[in-house]
Amino acid sequence: HLPPGDAGRRYDREPGCTLPLYGVNDLDGKFCRVIIVEGELDRIAMLSYGIEDPVVSLPDGATASLKEDAKAALVAFDEIVLATDQDQAGDEGALRIAGEIGRFRCRRARLPRKDTGDCLQAGLAREEVIGAVVLAADVATSLVRPVSAWKDVLLNPPPNPRGFSTGHSGLDKLLGGFRAGEVTLL
């Protein structure tokens, strides 16, 4: 129970108890693909678009690792589409999850907005969101961005001398990230 006017969320859990994937009961062996989103509202938004594949959401967002029971629930699927948020945390979470459950099975959806909930709120057409799922790319190549995506970064550098994250911590350690005024070819 939240106090009046409190817009936050609170989950009461027994100590040591973990939350399951939200929607895990909808996982059915007749499907070969499952879609993973970051939050419960994103799952509801995806279902509102009429997606036919099962959709589950991560119990603790993109920053947490999958628990063993969650990994076991995903074993039956040949293809796992990671439709986590379109931000650094979502990218890092997608890479980590793919590493935990097998990159060869994982694809990264590039949604037209930050997440499925934002797509629904913006009134985007079903085809745009479903298309992002259908056209999901291999996890590694989905993080590659064209040079034009870095235009604002290059023209408006932040005060961070180490540069912007590439989305891959090992590459950041080697390069120091992307820095304004420089061109890095990989």
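The residue numbers shown here count from 1 along each chain, following its written sequence. For this predicted model, a pLDDT threshold of at least 70 governs which residues receive local features, and a threshold of 80 or more governs which side-chain atom pairs are given and counted, while totals over whole chains, interfaces and linings are taken from all residues. For the side-chain quantities, the full set of heavy atoms in the structure was used; hydrogens and water were omitted.

K.L.:
Before we go on, may I ask you to explain the overall build of the protein in this structure?
P.N.:
Under the DSSP-based scheme used, a helix requires at least four consecutive residues in state H or I and a strand at least two consecutive residues in state E, with every element numbered from the N terminus. Looking only at helices and strands, one finds eight helices and five strands in the protein. Overall, the protein shows an N-to-C arrangement of helices and strands of β-α-β-α-β-α-β-α-α-β-α-α-α. Only protein chains enter the accessibility calculation, which uses a 1.4 Å probe; a residue is then buried when its area is under 20% of its type maximum, exposed when over 50%, and partly exposed in between. Counting over 186 residues, the protein shows a buried share of 38%. It only takes one pair of heavy atoms within 4.5 Å for two residues to be counted as in contact. Across the protein, every contact between residues at least 6 apart in sequence was considered, and the portion connecting residues at least 24 apart equals 61%.

K.L.:
It is not clear to me how the pairing of strand β1 (residues 33–37) should be interpreted in this structure. Could you clarify?
P.N.:
The side chains of a regular strand alternate between the sheet's two faces. For β1, the tally of buried residues reaches five of five residues, placing the bulk of the element in the interior. Of the two faces of β1, both are covered, the one formed by R33, I35 and V37 as well as the one formed by V34 and I36. If DSSP finds at least two bridges between two strands, the strands pair. By the bridge criterion, three bridges tie β1 to strand β2 (residues 55–57) in an arrangement that is parallel. Pairing of V37 across the sheet is with S57, part of β2. The path from the first strand over the helix to the second decides the hand: if it runs clockwise while the strands point away from the viewer, the crossover is right-handed. As for the winding sense of the linkage, the β-α-β connection from β1 through helix α1 (residues 40–48) to β2 is right-handed.

K.L.:
When you look at a nonpolar patch on the surface in this model, what are you seeing that I'm missing?
P.N.:
Patch members must show over 30% relative accessible area and no salt bridge, and they are joined within 9 Å when carrying like charges or within 5 Å when they are nonpolar side chains of Val, Leu, Ile, Met, Phe, Trp or Tyr. Here the open area of atoms and residues is found with the Shrake-Rupley method and a 1.4 Å probe, where only the protein chains shown may cover a residue. For this document, the term salt bridge refers to a Lys or Arg side-chain nitrogen within 4 Å of an Asp or Glu carboxyl oxygen. Nonpolar side chains collect at one region of the surface, where Y22, L41 and I44 lie side by side and expose about 310 Å² of accessible area between them. For L41, the position within the fold is in helix α1. Residue classification places L41 among the exposed residues on the basis of a relative accessible area of 66%.

K.L.:
Is there a simple way to think about the environment of D28 in this case?
P.N.:
Within the fold, D28 resides in the segment before β1. For the pair D28 and A76, spaced 48 residues apart in sequence, the C-alpha to C-alpha distance is 8.9 Å.

K.L.:
Just to check I follow, could you spell out the sheet that holds β2 for this structure?
P.N.:
Strand pairing in a sheet relies on backbone hydrogen bonds. The paired strands run either parallel or antiparallel. If you trace the five strands from one edge of the open sheet to the other, you get β2-β1-β3-β4-β5, paired in mixed fashion. Every interior strand has two partners, whereas the edge strands, β2 and β5 (137–138), have only one. Both β1 and strand β3 (residues 79–82) contribute to a ladder of four bridges, which runs parallel. Its bridge partner lying in β3, V34 is registered against I80.

K.L.:
Looking at this model, I keep getting lost on the pattern of salt bridges. Mind explaining?
P.N.:
When their charged atoms lie close together, side chains carrying opposite charge are able to pair. If you walk through the whole model with that rule in mind, you get nine salt bridges. The salt bridge partner of K114 is D85, with a shortest N-O separation of 2.8 Å. One end of the pair, K114, is in the loop between β4 (106–108) and α4 (116–121); the other, D85, is in the loop between β3 and α3 (88–101), with 29 residues separating them in the sequence.

K.L.:
Is there a simple way to explain the confidence of the model for the protein in this structure?
P.N.:
Detailed reading of the predicted coordinates is not advisable wherever pLDDT is low. The predictor attaches a confidence to each residue, called pLDDT, with possible values from 0 through 100. For the protein, per-residue confidence averages 79 on the pLDDT scale, and residues scoring 70 or more make up 69% of the total. Per-element mean pLDDT across the protein ranges from 63 in helix α7 (residues 151–155) up to 94 in α4.

K.L.:
I would appreciate a short explanation of the pairing of β3 in the present structure.
P.N.:
When β3 meets β4, the two strands line up parallel, connected through three bridges. In the strand pairing of β4, L82 is matched with R108. Regarding the hand of the β-α-β motif, the stretch spanning β3, α3 and β4 is right-handed.

K.L.:
Sorry, what's going on with the nonpolar core here?
P.N.:
What tends to happen in soluble globular proteins is that the nonpolar side chains get buried as a cluster. Think of a nonpolar core as a cluster: buried Ala, Val, Leu, Ile, Met, Phe, Trp, Tyr and Cys residues, connected wherever their side-chain atoms sit within 4.5 Å. Ranked by size, the top nonpolar core spans 19 residues in total, and within it L66, L74, I80 and L82 carry the most contacts. Within the residue set of this core, elements represented by two or more residues are β1, α2 (68–74), β3 and α3. A total of five residues in this core trace back to one element, the largest contributor, which is α3. Among all residues touching I80, those that are not within four sequence positions of it are V34, I36, L74, I101, R105, C106 and R107.

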